[in-house]
Amino acid sequence: MTSTAISTRLAFTKLGARIGAELRGLDLSHNLSEETVREIRGALNEHKALVFREANIRTDEDQVRFASRFGPLTKAHPTVASVDGAENVLPVDSEDGSANTWHTDVTFVLNPPQATTLRSITVPSYGGETLIASSAAAYEDLPAELRNFADTLWAIHTNDYDYAVPKNLEHATAEERRKVFTRVKYQTAHPVVRVHPLTRERGLFIGGFAQRLRIVGLSNTESRDILRLLQAYITRPENVVRVNWEPNQLVLFDNRITQHYAPSNYDGQPRKLNRVTIAGDVPAGIDGRTSQSIEGDSSHYSEVVSTGAVA
């Protein structure tokens, strides 16, 4: 890392009308200037997902250093082990299965990460993309009557068997992975419509971790039907950017107002990314009420940051 801060005007190229932008050639291993960090934060607020190609981040230390410019870091995961010797780095390895369920990272805890970074380690020769969806665009797509209804709802999120799939499609290590993932049970009640602390946008805050339980006050059957209806707006093609991976690439996305999905479409080839997440605030609904923990203490995983700390 150089000792002189690097400052430059950034020219992101949009990847879609509603979500996604990319930048090629910015050396993220350098000590970026405060101005550059502010520009990246502004671009993240606008585009929700940023792709940095030819990023020159080749080590966990580089990734941790870059992510920490946007706030305090979480540990790698509440229940899953980190990369050896790197407590903030989670290996996302195809050998352990793929996250082929739409989700927002770690929403089963009281204060999920505000943002996620993913760095390419090994990429398959084809497939292996990451799909990222704008939950803000989805909220705007809702008919007014459905928006007004969603504004009133709260959903319970849990880590208990979130990634369950039909047995014939499961990865060989699925059962062992599930036991590790759920070795401590978490349940948290979050508003279905979350207000972003910086942009004040409203977004649907649901995804895979909400699918396993229910909406507060409704039956399981009613909850599943309503969540399925709302989720369909998030995954509309116009609300999704498909990120193709290449070597020496980093992706930064806003975990408060997106969902993502990693399709298993690479025929068992090796695919490995490393993930570092930035600590977040406690979600708030449109009436200002904040999320409530029901089960599980996640304070060992992440500190709670205030809105001012994530600006």
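Residues numbered from 1 in each chain as written. Predicted model: local features only at pLDDT ≥ 70, side-chain atom pairs only at ≥ 80, totals over all residues. Heavy atoms only, no water.

- As recorded in an unreviewed UniProt entry, the chain goes by TauD/TfdA dioxygenase family protein and comes from Sinomonas puerhi.
- Word for word, the UniProt comment on the chain under Cofactor (unreviewed entry) is "Fe(2+)". (UniProt positions renumbered as here; feature names shortened; annotations may be inferred.)

## Points about the overall build of the chain
Step number 1: Within the chain, the secondary structure is distributed over 7 helices and 15 strands.
Step number 2: When each of the 311 residues of the chain is scored for burial, the buried share is 54%.
Step number 3: Accessible surface for the chain amounts to roughly 13,300 Å². Of this, 48% is attributable to carbon and sulfur atoms. (Helix = DSSP H or I, 4+ residues; strand = E, 2+ residues; numbered from the N terminus. Buried < 20%, exposed > 50% of the residue type's maximum accessible area, 1.4 Å probe, protein only. Areas by Shrake-Rupley, 256 points an atom, 1.4 Å probe, with all protein chains shown as cover.)

## A look at the sheet that holds strand E14 (residues 272-278)
Step number 1: Taken in spatial order, the 7 strands of this open sheet run E1-E2-E3-E12-E5-E14-E4, and their pairing is mixed. Among the strands making up the open sheet, the edge pair consists of strand E1 (13-14) and strand E4 (90-93).
Step number 2: Where strand E3 (residues 49-53) and strand E12 (residues 249-254) come together, 5 bridges link them in antiparallel fashion. Bridge assignment links Leu 50 to a residue of E12, and that residue is Leu 252.
Step number 3: The sheet strands contacting helix H1 (residues 34-47) are E1, strand E2 (21-24), E3 and E12, and the helix crosses E3 at an angle near 130 degrees.
Step number 4: In the packing of helix H2 (residues 60-67) onto the sheet, contacts are made with E3, strand E5 (115-122), E12 and E14, and the angle to E14 comes to roughly 30 degrees. (Pairing = 2+ DSSP bridges. Contact = heavy atoms within 4.5 Å. Axes fitted to C-alpha atoms, helices over the stretch in contact; angles between N-to-C directions.)

## Description of unusual backbone geometry
Step number 1: The phi dihedral of Glu 54 falls on the positive side, at around 50 degrees, and the residue is not glycine.
Step number 2: Position of Glu 54 among the secondary structure elements: in the loop between E3 and H2.
Step number 3: For Asn 248, which is not glycine, the phi dihedral falls at a positive 60 degrees.

## Quick notes on the pattern of salt bridges
Once the charged atoms of two side chains with opposite charge are near each other, the side chains can pair.
Step number 1: With the rule as written, the count across this model stands at 20 salt bridges.
Step number 2: With a shortest N-O distance of 3.7 Å, Arg 9 and Glu 35 are connected by a salt bridge. With Arg 9 in the segment before E1 and Glu 35 in helix H1, this pair connects stretches of sequence that are 26 residues apart.
Step number 3: With relative accessibility at 66%, the residue Arg 9 sits in the exposed group.
Step number 4: Using a relative accessible area of 32% as the deciding quantity, one classes Glu 35 as partly exposed.
Step number 5: Put simply, Arg 119 and Asp 60 hold a salt bridge, and the shortest N to O gap is 2.7 Å. One end of the pair, Arg 119, is in strand E5; the other, Asp 60, is in helix H2, and 59 residues separate them in sequence.
Step number 6: The structure contains a network of salt bridges with shared partners spanning Glu 22, Arg 24, Arg 53, Glu 54 and Glu 246. (Salt bridge = Lys/Arg side-chain N within 4 Å of Asp/Glu carboxyl O.)

## Brief notes about the side chain of Asn 88
Step number 1: Along the chain, the position of Asn 88 falls in the loop between H2 and E4.
Step number 2: Among the polar contacts listed, one links the side chain of Asn 88 to the backbone oxygen of Thr 74, at a separation of 2.9 Å.
Step number 3: Dropping the residues within four chain positions of it, Asn 88 is found in contact with Val 64, Leu 73, Thr 74, Lys 75, Ala 76, Arg 275 and Val 276. (Polar contact = N/O pair within 3.5 Å; in protein donor to acceptor, adjacent residues only side chain to side chain.)

## Let's talk about the packing of aromatic side chains
Step number 1: This structure, assessed with the given rule, holds 6 aromatic pairs.
Step number 2: With 5.8 Å between their ring centres and 75 degrees between their planes, Phe 12 and Phe 52 make a pair best called edge-to-face. With Phe 12 in the segment before E1 and Phe 52 in strand E3, the pair connects residues that are 40 residues apart, well separated along the chain. Neither residue differs from the other here; Phe 12 and Phe 52 are each classed as buried.
Step number 3: Ring geometry for Trp 102 versus Tyr 261: centroids 5.4 Å apart, planes at 35 degrees, classification tilted. Placement of Trp 102 in the loop between E4 and E5 and of Tyr 261 in strand E13 (residues 258-261) is noted, with a sequence separation of 159 residues between them.
Step number 4: Relative accessible area serves as the criterion here: at 16%, Trp 102 is assigned to the buried category. (Phe/Tyr/Trp six-rings, centres within 6.5 Å; stacked < 30°, edge-to-face > 60°.)

## Some details on H2
Step number 1: Where H2 is concerned, the buried positions are Asp 60, Asp 62, Gln 63, Phe 66 and Ala 67. Along the axis of H2, the buried residues cluster in a sector spanning 160 degrees; they form a single face. (Arc of directions from axis to C-beta.)

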